[in-house]
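Reading the structure
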Amino acid sequence: MSVMMYRDALRRALYEEMKADPRVFVLGEDVGAYGGAYAVTKGLSAEFGTERVRDTPMSEAMIVGAAVGAAMVGGRPVAEIMYVDFITLAMDQIVNQAAKIHYMFGGQIKVPCVIRTQQGTGRGAGAQHSQSLESWFIHTPGLKVVAPATPADAYGLLRASIQDDNPVIFLEHKGLYAVKDEVPDEPYVTPIGVADVKREGSDVTLITYSRMLHVALDAAKQLAEQNVSVEVIDLRSLLPLDMDTVLRSVAKTRRAVVLHEAVLTGGLGGELSARINEALFSELLAPVQRVTAPDVPLPANVTLEKYLVPNAEQVKKAIEKTLESKQKVH
Amino acid sequence: MSVMMYRDALRRALYEEMKADPRVFVLGEDVGAYGGAYAVTKGLSAEFGTERVRDTPMSEAMIVGAAVGAAMVGGRPVAEIMYVDFITLAMDQIVNQAAKIHYMFGGQIKVPCVIRTQQGTGRGAGAQHSQSLESWFIHTPGLKVVAPATPADAYGLLRASIQDDNPVIFLEHKGLYAVKDEVPDEPYVTPIGVADVKREGSDVTLITYSRMLHVALDAAKQLAEQNVSVEVIDLRSLLPLDMDTVLRSVAKTRRAVVLHEAVLTGGLGGELSARINEALFSELLAPVQRVTAPDVPLPANVTLEKYLVPNAEQVKKAIEKTLESKQKVH
Amino acid sequence: MELDLTKSLYHSMLLIRRSEERILEEMMKGNLASTMCHVSIGQEAVAAGVCSAMQPQDYLTSTHRGHGHFIARGGGLSRMMAELFGKETGYCKGRGGSMHITDVSIGHLGANGIVGGHLGIATGAALWTSLNKSDAVTVCFFGEGAVNEGITHESINMAALWKLPVIFVVENNHYAMSLAWERSTPQLSFTERARAYGIPGVDVDGQDVLAVREVALEAIERARRGEGPTLIGAHTYRFLGHSRADPSKYRPAEEEERERARDPLTIMRAKVGAEMISDQDVEAYEQQVKEVLDAAVKFAEDSPLAQPSTLFEDIYA
Amino acid sequence: MELDLTKSLYHSMLLIRRSEERILEEMMKGNLASTMCHVSIGQEAVAAGVCSAMQPQDYLTSTHRGHGHFIARGGGLSRMMAELFGKETGYCKGRGGSMHITDVSIGHLGANGIVGGHLGIATGAALWTSLNKSDAVTVCFFGEGAVNEGITHESINMAALWKLPVIFVVENNHYAMSLAWERSTPQLSFTERARAYGIPGVDVDGQDVLAVREVALEAIERARRGEGPTLIGAHTYRFLGHSRADPSKYRPAEEEERERARDPLTIMRAKVGAEMISDQDVEAYEQQVKEVLDAAVKFAEDSPLAQPSTLFEDIYA
Ligand SMILES: Cc1ncc(C[n+]2csc(CCOP(=O)(O)OP(=O)(O)O)c2C)c(N)n1
Ligand SMILES: Cc1ncc(C[n+]2csc(CCOP(=O)(O)OP(=O)(O)O)c2C)c(N)n1
Ligand SMILES: [Mg+2]
Ligand SMILES: [Mg+2]
């Protein structure tokens, strides 16, 4: 085990995949000598050359397009889109091309590429630089979507994503890059589509992913002091969703709270709530609660931004609500 | 009352708004003399000239961009994107610009524009020409989203959308253009954000919008013969959602089914299911069911496509399931 | 049929022409599975000329109007017809149809329904072959309407910057649906346009298959030498409407008449003379093409419709 | 201060320079509400020169590096500073910050965080003023990095096609974050590039405010006459890093030294001579600017932070 930062764990994954497989290459804005806006690719171009760690012009559609085309003829590109907000410029390439090519052409060809990007709040970066857009991608059959919350998962999922034969949207979080934690020294992959119980508990299941995991763990810890036992599930993969793990836990706790940083309406929380209700309707002792950002654009203001990002207090309140909630009476 | 086609009702709304307000103008691909890919703007350029009903180059980002810019300085543009699938090329202009400008600039400026497009199946148009993408837009604070199902609502909502001071995503459906129904002769607007009970009933609430309304009404009619009374709610507006109407109905029927043509995961059905469960958990006699397309891209094949589009049989089954479902026992 | 180059160019154009006529016929009979179908009748010389200049290791990307590229590149007619009929023996298992007709085994990377969408793919493919030191060249066909899409700019710029082996072939049939070319952009010269990217641009008579071939050969050889992309503007005309639904009312009758008179098949025969392509040759080709097409249609008819259950396959690789 | 044109150009550049220096100072003190802040020190001549050529009815759109455009257009410093401090008296109620600094009342249609995103807005604004027979011209500033975005192509093409009254001003500071201009495109001449759209293109020394003004005047008058857009490439340099976090290691030291020596303030004084702008003038401006900035900072400091509850306002108009 070594303690490393999230960004370093990502870089280690890139490094090892590039060492192991000459088909892997990296492209994006400022990913070369500059090392990426969030320093994930730092040093890679020195190691692998500027062809394999390639600075692109500012052309988000083509960054993804180049990845898709390269993947179709044998490459295994890892493209970086600097902020998920800019992925709005590449939606055709992701949704109509990458996600559909394998299917639409009857399985004739594969598109093994990874689109790395980062999302979320924390820097007061404003309405056009702080969004969380995972919902769009989980609504797109043909994509896989992952959103690691810890250095260990960032490493393992990035390796798995690069090795995957499908287009993977790899969602990092700008507030996680400097987070440090233990990462095993031996190489490994974290399988896509498998959630992780990050804390066991018996009273309520708290389901989350990405940076909100840390808010969830914080809330769970505080509640433990009040003798409330919270099971915290880190989804890690958002498409496919590991409903087995989720439902197993909720079947046990009979209460669930979903937590994410994306805005409420149309967020992943709705999907999870619906699925839990569909599967465990008669088991549930309380309605599934959602703790999310409100339906508001984000201000370019570190202080004000905090009011729109879910915090441990809100999570605790939601959990308390599920605990209070009376059993159904009919 | 006159009986008219959905496309003609839309054209009437455009015509009347253009007559009434010189700021209103239309732009898009082939909207001029050609009359639009689905013949909605036919005749308008002859009436209002090719400047006010303006053919654009193929440049979807700029079609929306031009609408946004024009709206900011006093125009009231109605832009047409030929297929919603091509809106992938204009997502930055919609999501980062149109939706956020009013908020981000502190309310200094308004963006009153309508982006008309059509979505859905029915023509075997394939994976890149048949999607239903409303979920992306309801996840974008600052937009309004409407999806009329009848000629009367198409007319009234288009007038309301053009008169609205916000960017409105106006979702038509390729399978509805030739649908005929009565439209009042007097001018009117249908307010955005108000759902419509298209059929009253007492046993179960069936919530839907756009072309699926007709599938819903068909299923309801068939079930009426089996003495099942289905209340059919046509949302009409998807953002904001009229939860009052939905919850009032479900409070009465205590059972709900959501029906849409978009794929399941991340679809609007999840949001509705979550909200209904949150509000009426102890009232519900059965889990909210979702009837949607499966998580599959669409084939360019009229015959095969049908297997992926929800039909009345599936709706009836889902409703029957909610009726069977035992009350909760704890 | 073993044919020398000149004859095979003619044969290739004839095969495209008759195939598309047959496709239209089958469409009228209601045999096509999708309502999406765009024929390139009148534009055959571009596909035939460019594809004749390609090598087996090369790639191409194609458009919504893609039968010509597919056939000129050597795509199989039986499985193509089966695809159009929505059959499980089709190249795309009956789920792609005309607009996505694709045979990856011959380096065909897909016909695309998003106008301009495949320019990313073409440049990306060229990026990989260049990184991978393969000598494959990628040919990217697109209509003049696609020229105004943002991705076209991004992709030509990137290809030019990195000197990628990709050829941008504009099939300029002068209309994008109803929009006349001159109403879509003020810059009508591709030679001029190419200067924005510092690459060679060529305007060529797209009805003259030999001229097209010449230009394509030079561009492809240049790309193969590592000297980067070329922008080719091939001036052609679609003889019919944009799609079945379109009576092309937006085109002046005189223009249609004048342009239809410039049939690439006629032009070629006039150019090479009857010694090269005799009436008997043509008759023999017509006969052979008819047989191939009859067989293709029969294959398509006899093939089973794709099973609905297969729709749940291939979502992931 | 009432100043004649030459003096006011100098004053405008000085005001931008000192304002941004003060912004950096306040940033170091931790007074800015957002971490997003890009200064244009070294590039003042482009903003000052172009804005001096605009009329009151004209519009402009701006970028992430937008203080200069804002100040040159006459935006108020107190409410600007308040905005940067995240205060409710700021132009955007404290929720826009530096990257979205905007004063619509002076025809400023917004600084934009999406590189290239505002080219749509600029062209759209020009479309409306042209439809509406207003004689307003819209000026669209963007960096050379934005040139390779698809929207830039779409928007220049559309503006050129319809002869819209919009001026495309490339503030070519030779870097897009770490990417040197020559590593982003093979076409370094804006004159050449403009030919792809059949419009005039001009390359101008962006450190020479008088030259910039000249070029802008001509372009704006041309647009106002209904003759369409001009593409202006103003060659300049950002003296500092892309943003606070950036030490600009990717730039050769000699280049930085050489370019920093070409300070637009110095260049102007050398050009117009001490009779036009004397040391006393400069001293007076410095004094006046300092007072304005002190007052602006004080205003910002004294203003209340925006109330969190206001975050729920203005989502809809
Ligand atoms: C991005 C996008 N916009 C619009 C369309 C609808 N559409 C299909 S073909 C076409 C015209 C294309 O013109 P051009 O590129 O010249 O090709 P042609 O049809 O003339 O071969 C249009 C507008 C589309 N498929 N994709
Ligand atoms: C679409 C988009 N891509 C990337 C970024 C991140 N980014 C912000 S500024 C910048 C460089 C812009 O370069 P240029 O256009 O030359 O303007 P400059 O910063 O030099 O003024 C980048 C890459 C962005 N904000 N928007
Ligand atoms: Mg064309
Ligand atoms: Mg720059």
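Structure report, in brief. (Residues numbered from 1 in each chain as written. Chains lettered and ligands numbered in written order. Predicted model: local features only at pLDDT ≥ 70, side-chain atom pairs only at ≥ 80, totals over all residues. Heavy atoms only, no water.)

Observations concerning the overall build of chain A
When its secondary structure is counted, chain A shows 12 helices and 14 strands. Taken against the 2.2 N^0.38 rule, which gives 20 Å for 330 residues, the C-alpha radius of gyration of chain A at 20 Å falls within 12% of a compact globule. With the C-alpha coordinates aligned to their principal axes, the bounding extent of chain A is approximately 65 × 45 × 40 Å. Contacts in chain A between residues far apart in sequence, at least 24 positions, make up 83% of those at least 6 positions apart. Of the side chains in chain A, 34 bear a positive and 40 a negative charge, and the two mean positions are spaced by 2 Å. (Helix = DSSP H or I, 4+ residues; strand = E, 2+ residues; numbered from the N terminus. Rg over C-alpha atoms; globule rule 2.2 N^0.38 Å. Contact = heavy atoms within 4.5 Å. Lys, Arg positive; Asp, Glu negative; His and termini not counted. Charge placed at Lys NZ, Arg CZ, Asp CG, Glu CD.)

Thoughts on the interface of chain C and chain A
Facing 39 residues of chain C, the contacting portion of chain A comprises 45 residues. There are 0 salt bridges connecting chain C and chain A. Our count for the chain C to chain A interface comes out at 13 residue pairs in polar contact (both at pLDDT 80 or more). The greatest single-element share of the side of chain C that touches chain A, amounting to 10 residues, is contributed by helix H5 (residues 117–131) of chain C. Residue classes in the side of chain C that touches chain A are distributed as 21 nonpolar, 11 polar and 7 charged. (Salt bridge = Lys/Arg side-chain N within 4 Å of Asp/Glu carboxyl O. Polar contact = N/O pair within 3.5 Å; in protein donor to acceptor, adjacent residues only side chain to side chain. Nonpolar A, V, L, I, M, F, W, Y, C, P; charged D, E, K, R; others polar.)

Comments concerning the side chain of Ser249 of chain B
Residues and elements named next belong to chain B. Note that Ser249 resides in helix H9 (residues 243–253). For Ser249, a relative accessible area of 3% translates into the label buried. Once you skip the residues sitting within four places of it in the chain, Ser249 turns out to touch Thr205, Glu231 and Ile233. (Buried < 20%, exposed > 50% of the residue type's maximum accessible area, 1.4 Å probe, protein only.)

Section: the sheet that holds strand E4 (residues 166–172) of chain D
Residues and elements named next belong to chain D. Spatial ordering of the open sheet is given by E2-E1-E3-E4-E8-E7, a layout of 6 strands whose pairing is parallel. For this open sheet the edge positions go to strand E2 (108–111) and strand E7 (201–205), each flanked by a neighbour on one side alone. With strand direction ignored, the average angle separating the axes of adjacent strands in the sheet is 15°. Across 5 bridges, E7 lies against strand E8 (residues 230–235) in parallel orientation. Across the sheet, residue Asp205 finds its bridge partner in E8, namely His235. Contacting strand E1 (59–62), strand E3 (138–143), E4 and E8, helix H2 (residues 44–52) runs over the sheet at an angle of about 170° to E3. (Pairing = 2+ DSSP bridges. Axes fitted to C-alpha atoms, helices over the stretch in contact; angles between N-to-C directions.)

Topic: helix H1 (residues 6–20) of chain B
Its 15 residues place the ends of H1 of chain B 21 Å apart at the C-alpha level, agreeing with the 21 Å of an ideal helix rising 1.5 Å per residue. A large share of H1 of chain B lies buried, amounting to 11 of its 15 residues. (Expected span 1.5 Å × (residues − 1).)

Re the coordination of the magnesium ion (ligand 3)
Residue and element names in this part refer to chain C. For the magnesium ion (ligand 3), the protein coordination sphere consists of Glu144 (OE), Asn173 (OD1) and Tyr175 (O), at 2.0 to 2.2 Å. One chain supplies every donor for the magnesium ion (ligand 3), spaced along it as E-x28-N-x1-Y. Placement of the pair is Glu144 in the loop between strand E3 (138–143) and helix H6 (150–161) and Asn173 in the loop between strand E4 (166–172) and strand E5 (175–176), with a sequence separation of 29 residues. Just as Glu144 is buried, Asn173 falls in that class too. (Donors = N, O, S within 2.8 Å, 3.2 Å for Na, K, Ca; no water.)

Brief notes about the site of ligand 1
Around ligand 1 lies a shell of 22 residues, among which Glu60 of chain B together with His64, Arg65, Asn173 and Tyr175 of chain C are the nearest. Ligand 1 sits at a junction of chains, with neighbouring residues supplied by chains B and C. Residue Glu60 of chain B places a side-chain N or O atom 2.6 Å away from a nitrogen atom belonging to ligand 1. When ligand 1 is considered free in solution it has 570 Å² of accessible area, and contact with the protein chains removes 97% of it. (Near = heavy atom within 4 Å. Areas by Shrake-Rupley, 256 points an atom, 1.4 Å probe, with all protein chains shown as cover.)

Describing the site of ligand 2
Around ligand 2 lies a shell of 22 residues, among which Glu60 of chain A together with His64, Arg65, Asn173 and Tyr175 of chain D are the nearest. Positioned at a junction of chains, ligand 2 has nearby residues supplied by chains A and D. Contacts to ligand 2 include Glu144 of chain D, whose side-chain N or O atom sits 2.9 Å from an oxygen atom. Measuring from an oxygen atom of ligand 2, one finds a backbone N or O atom of Gly145 of chain D at 2.8 Å. When the free accessible area of ligand 2 is taken as 580 Å², the share hidden by the protein chains comes to 97%. Of the residues contributing to the shell around ligand 2, the split by class is 10 nonpolar, 7 polar and 5 charged.

Considerations on the coordination of the magnesium ion (ligand 4)
Note on the magnesium ion (ligand 4): its protein donors are Glu144 of chain D (OE), Asn173 of chain D (OD1) and Tyr175 of chain D (O). The metal-donor distances range over 2.0 to 2.2 Å. What makes Asn173 of chain D buried here is its relative accessible area of 4%.

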